Amino acid sequence: MQQSALIAPSILAANFAALGQEVDDVLRSGADWVHFDVMDNHYVPNLSFGPLVCQALRNHGISAPIDVHLMVKPVDRLIGEFAQAGATMISVHPETTDHLDRTLQLIIDSGCRPGLALNPSTPLHYLDYVLDKIGLILLMSVNPGFGGQSFIPGTLNKIKTVRHIIDDSGLDIRLQVDGGVKKDNIRAIYAAGADTFVAGSAIFSNASDHNPNKYDSIIQELRTEIALS
Ligand code: DX5
Ligand code: ZN
């Protein structure tokens, strides 16, 4: 059963010089989660931010779920640090650990909700023996490492397949899509079966504007598109 739609802005595209205010503004505009793209310049060819920034957002007063997407290898060591820094969900790529079940159990034992992140060419068989351990399947609709890329159209069929897998399992698992999500494609992505949407550049495109309500319209437009699906 497709769950209620949630919007998770990726702060990778936000104005880092005013990150606390940016997150306040986008949440006040109606976003649901804070998507936290962690990149290590090893697993992906880019470097973003670590647990200290997650902790800083919590210290700033952010209480919304922080959805940490670990694009790091090896991944195990950072799980505890992000859990202590205030992460709510922690998603990992199966290619970043030699023992996926143990890594997912580490996330559970840290008090966070595990997610499995699958790149565009990563096959779905990684789901076979871990569905009972995860609360989120993150389907990458771009190759990981950068915001502002174009949505890979073939992801729509992958979303439909994963939707059936989740529904057949009867488990409480969200289907998240990350990469190139925009006003003009979110309706099709929702129709394919996704219920949780990561968007960075589509949301933070006018981050230089100092109007605290600057994200109202894009969040509303994304929700309107979903409702029209
Ligand atoms: C890729 C990142 C991006 C980001 C979203 O590794 O994970 O997908 O979250 O970026 P946009 O919405 O700008 O494609
Ligand atoms: Zn991400």
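Residues numbered from 1 in each chain as written. Chains lettered and ligands numbered in written order. Predicted model: local features only at pLDDT ≥ 70, side-chain atom pairs only at ≥ 80, totals over all residues. Heavy atoms only, no water.

## Observations regarding the overall build of the protein
- Looking only at helices and strands, one finds 7 helices and 8 strands in the protein.
- Computed over C-alpha atoms, the radius of gyration of the protein comes to 16 Å, within 12% of the 17 Å expected from 2.2 N^0.38 for 229 residues, which places it in the range of a compact globule.
- Taken along the three principal axes of its C-alpha coordinates, the protein extends 45 × 40 × 30 Å.
- In the protein, buried positions account for 53% of the 229 residues.
- Here the contacts in the protein between residues at least 6 apart in sequence split such that 65% fall between residues at least 24 apart.
- Carbon and sulfur atoms form 52% of the exposed surface of the protein, whose accessible area is close to 9,800 Å².
- Of the charged side chains in the protein, 16 are positive and 25 negative, and the gap between their average positions amounts to 2 Å. (Helix = DSSP H or I, 4+ residues; strand = E, 2+ residues; numbered from the N terminus. Rg over C-alpha atoms; globule rule 2.2 N^0.38 Å. Buried < 20%, exposed > 50% of the residue type's maximum accessible area, 1.4 Å probe, protein only. Contact = heavy atoms within 4.5 Å. Areas by Shrake-Rupley, 256 points an atom, 1.4 Å probe, with all protein chains shown as cover. Lys, Arg positive; Asp, Glu negative; His and termini not counted. Charge placed at Lys NZ, Arg CZ, Asp CG, Glu CD.)

## What to know about the pairing of strand S4 (residues 89–92)
- Here S4 shows a buried face lined by Met89 and Ser91 and a second buried face lined by Ile90 and Val92.
- Bridge analysis of strand S3 (residues 66–71) against S4 gives 4 bridges, and the strand direction is parallel. Each residue of the ladder has a partner; that of His69, found in S4, is Ser91.
- For the crossover that starts at S3, traverses helix H3 (residues 76–84) and ends in the parallel S4, the hand is right-handed.
- Bridge count between S4 and strand S5 (residues 113–118): 4 bridges; the pairing is parallel. Looking across to S5, one finds that Val92 is bridged to Leu116.
- Handedness of the crossover is the feature at issue here: the chain leaves S4, passes through helix H4 (residues 100–109), returns alongside S5, and the resulting connection is right-handed. (Pairing = 2+ DSSP bridges. Right-handed = clockwise from strand over helix to strand, strands pointing away.)

## Focus on the packing of helix H1 (residues 19–28) against helix H2 (residues 51–60)
- Remark: H1 packs on H2, axes separated minimally by 10 Å, with the N-to-C direction vectors making an angle of 65°. In this structure, the crossing between H1 and H2 has a hand that is right-handed. Of the residues in H2, those touching H1 at Leu19, Gly20, Gln21, Val23 and Asp24 are Val53, Leu57 and His60.
- The class makeup of the residues in the contact of H1 with H2 is 4 nonpolar, 3 polar and 1 charged. (Axes fitted to C-alpha atoms, helices over the stretch in contact; angles between N-to-C directions. Left-handed = near helix turned anticlockwise from the far one by under 90°. Nonpolar A, V, L, I, M, F, W, Y, C, P; charged D, E, K, R; others polar.)

## Digging into the pattern of salt bridges
- One pass over the full model with this rule turns up 11 salt bridges.
- In this structure, Asp32 and Arg223 form a salt bridge, with 2.7 Å as the shortest nitrogen-oxygen distance. Of this pair, Asp32 sits in the loop between H1 and strand S2 (34–39) while Arg223 sits in helix H7 (residues 216–227), and the two are 191 residues apart along the sequence.
- According to the relative accessible area criterion, Asp32 is partly exposed, its value standing at 23%.
- On the basis of relative accessibility, which here comes to 25%, the residue Arg223 falls in the partly exposed class.
- Arg163 is the partner of Asp195 in a salt bridge, and the nearest nitrogen-oxygen pair spans 3.5 Å. Highlighted residues: Asp195 in the loop between helix H6 (186–192) and strand S8 (196–199) and Arg163 in helix H5 (residues 155–169), separated in sequence by 32 residues. When sorted by exposure, Asp195 lands in the same class as Arg163, which is buried. (Salt bridge = Lys/Arg side-chain N within 4 Å of Asp/Glu carboxyl O.)

## So, the site of ligand 1
- Every one of the 19 residues lining ligand 1 counts as a neighbour, but Asp37, Gly145, Asp178, Gly200 and Ser201 are closest to it.
- Between ligand 1 and Gly145, the relevant distance is 2.7 Å, taken from an oxygen atom to a main-chain nitrogen or oxygen of the residue.
- One of the backbone nitrogen or oxygen atoms of Gly200 is found 2.7 Å away from an oxygen atom of ligand 1.
- Coverage of ligand 1 by the protein chains reaches 99% of its 370 Å² of free accessible surface.
- The set of elements that each furnish at least two residues to the shell around ligand 1 consists of S2, S3 and S8. (Near = heavy atom within 4 Å. Polar contact = N/O pair within 3.5 Å; in protein donor to acceptor, adjacent residues only side chain to side chain.)

## Here we look at the environment of Ser29
- Position of Ser29 among the secondary structure elements: in the loop between H1 and S2.
- Once residues lying within four places of it in the same chain are set aside, the contact partners of Ser29 are Tyr215, Asp216 and Ile219.

## Regarding the state of the cysteines
- A complete count under the given rule lists 0 disulfides for this structure.
- Of all cysteine sulfurs, the one in Cys112 lies closest to Cys54, which takes part in no disulfide; the gap is 8.6 Å. (Disulfide = S-S within 2.5 Å.)

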